[in-house]
Amino acid sequence: MTEPILTLANVEAAYGAVKAIRGVSLSVPKGSIVTVLGANGAGKTTILKTISGILDPQKGSILFKGEHIERRDPADIVRRGLSQAPEGREVFPLLSVRNNLLMGAYTRSDRDEVARDIERMERYFPILKERSEQDAGLLSGGQQQMLSISRALMSRPDLLLLDEPSLGLSPKLTQEIFAIVKRINREEGVTILLVEQNAALALATADYGYILELGRIVMEDRAAVLAEKDDVKEFYLGQK
Ligand code: ATP
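Residues numbered from 1 in each chain as written. Predicted model: local features only at pLDDT ≥ 70, side-chain atom pairs only at ≥ 80, totals over all residues. Heavy atoms only, no water.

K.L.:
Got a sec to walk through the site of the ligand? Specific residues and values, please.
P.N.:
Neighbouring the ligand are 13 residues, the closest being N40, G41, K44, T45 and T46. Residue A42 places a main-chain N or O atom 3.1 Å away from an oxygen atom belonging to the ligand. For the ligand, an oxygen atom lies 2.7 Å from a polar atom in the backbone of T45. When the ligand is considered free in solution it has 630 Å² of accessible area, and contact with the protein chains removes 63% of it. Counting residues per element, the shell around the ligand draws most heavily on helix α1 (residues 44–52), at 3 residues. (Near = heavy atom within 4 Å. Polar contact = N/O pair within 3.5 Å; in protein donor to acceptor, adjacent residues only side chain to side chain. Areas by Shrake-Rupley, 256 points an atom, 1.4 Å probe, with all protein chains shown as cover. Helix = DSSP H or I, 4+ residues; strand = E, 2+ residues; numbered from the N terminus.)

K.L.:
Give me the confidence of the model for the protein chain: which residues, what numbers.
P.N.:
Per-chain confidence: the protein chain averages 92 in pLDDT, with 97% of residues scoring 70 or above. Overall fold confidence (pTM) sits at 0.92, and the ipTM for the predicted complex is 0.93. (pLDDT = per-residue confidence, 0-100.)

K.L.:
Go over helix α6 (residues 141–153), please, and point to the residues and values.
P.N.:
For α6, spanning 13 residues, the distance from its first C-alpha to its last is 19 Å, which sits close to the expected 18 Å at 1.5 Å a residue. With 12 of its 13 residues buried, α6 lies for the most part within the structure. Regarding α6, the residues found buried are G142, Q143, Q144, Q145, M146, L147, S148, I149, S150, R151, A152 and L153. Check the buried side of α6 and you find it contacts β6 (82–85), α3 (97–104), α4 (111–124), α5 (126–130), β7 (159–163) and α7 (171–188). (Expected span 1.5 Å × (residues − 1). Buried < 20%, exposed > 50% of the residue type's maximum accessible area, 1.4 Å probe, protein only. Contact = heavy atoms within 4.5 Å.)

K.L.:
Any chance you could break down the nonpolar core for me, citing the residues and the numbers?
P.N.:
One recurring pattern in soluble globular proteins: nonpolar side chains tend to sit buried together. L147, I149, L160, L162 and I192 are the most contacted members of the largest nonpolar core, which totals 44 residues. Residues in contact with I149, not counting those within four places in the same chain, are A85, L160, L162, I177 and V181. (Core = buried A, V, L, I, M, F, W, Y, C linked by side-chain atoms within 4.5 Å.)

K.L.:
Explain the pattern of salt bridges residue by residue, including any values.
P.N.:
Enumeration according to the criterion identifies 18 salt bridges in this entry. Put simply, K172 and E176 hold a salt bridge, and the shortest N to O gap is 3.4 Å. In this pair, K172 and E176 are both assigned in helix α7, 4 residues apart and thus about one turn of the helix distant. Shared partners join several salt bridges into a network, and the residues in it are R108, D110, E113, R116, D117, R120, R156 and E188. (Salt bridge = Lys/Arg side-chain N within 4 Å of Asp/Glu carboxyl O.)

K.L.:
Can you explain the layout of surface pockets? Please cite residues and give values.
P.N.:
Computed from the structure, the largest pocket encloses a volume of approximately 550 Å³. Forming the boundary of the largest pocket are 21 residues, of which V78, S83, Q84, P86 and R151 lie nearest the centre. When the residues that make up the lining of the largest pocket are grouped by side-chain class, the tally is 10 nonpolar, 6 polar and 5 charged. (1 Å grid on protein atoms, 1.4 Å probe; cavity = no way out; pocket = protein on both sides within 12 Å on 5 of 7 lines; lining within 4 Å. Points joined across faces, edges and corners; volume = space filled by probe spheres on them. Nonpolar A, V, L, I, M, F, W, Y, C, P; charged D, E, K, R; others polar.)

Written out as structure tokens, the structure reads:
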């Protein structure tokens, strides 16, 4: 077994009185793509927020590269090598595409390397080069998603958290983005934790998957095995 880069043990988190995740345990092996699937409101985004330090868990532990990161500052967590491309993209609309990418590298001081990384991102997503000087707010939804993923990669993370990259995108564009996510995983060696409602594509892309219902993990297995399970087919893949 490959050693885990991230391990959650019995993590609980809430918004005031609303318990959003109720004892989640999961593990992400180094170099892999792991997906967490679940319906709207299952708690997927909350899991990512507790990992990236935006929300403090009430209970449980989160180990990243062997160190506890629960209740740490989000910027400290980014510095340790963990970065998130948020749901809804959230690019800086009034900054140029290039400056958005530079913002992603704010923890770094190696300017030549940063410039090289921008070129690398532009090779993965050539549209970002074409639109380099344009305000990011003028990009289409799909292009903003590409920018959001690239910006997250600019901190050179060991682990990238992706929150619903398919949200609001056409099936074709979603497929293109997932194919590039897989390339980035293979070519850059970045481990990826992917949260998705599009179960078919997520299972086709990931190595391992967890199914989350009402804040609890109810099933886990290799992605190829999950894709063949009757319950998963019925509830998440829309097949009977
Ligand atoms: P989605 O696909 O809609 O993002 P999700 O699986 O990511 O769903 P979460 O956003 O993690 O789900 O939400 C889990 C639960 O926590 C839901 O019941 C939701 O209503 C609640 N919740 C989420 N954010 C807040 C908030 N800021 N304040 C109060 N309750 C919240």
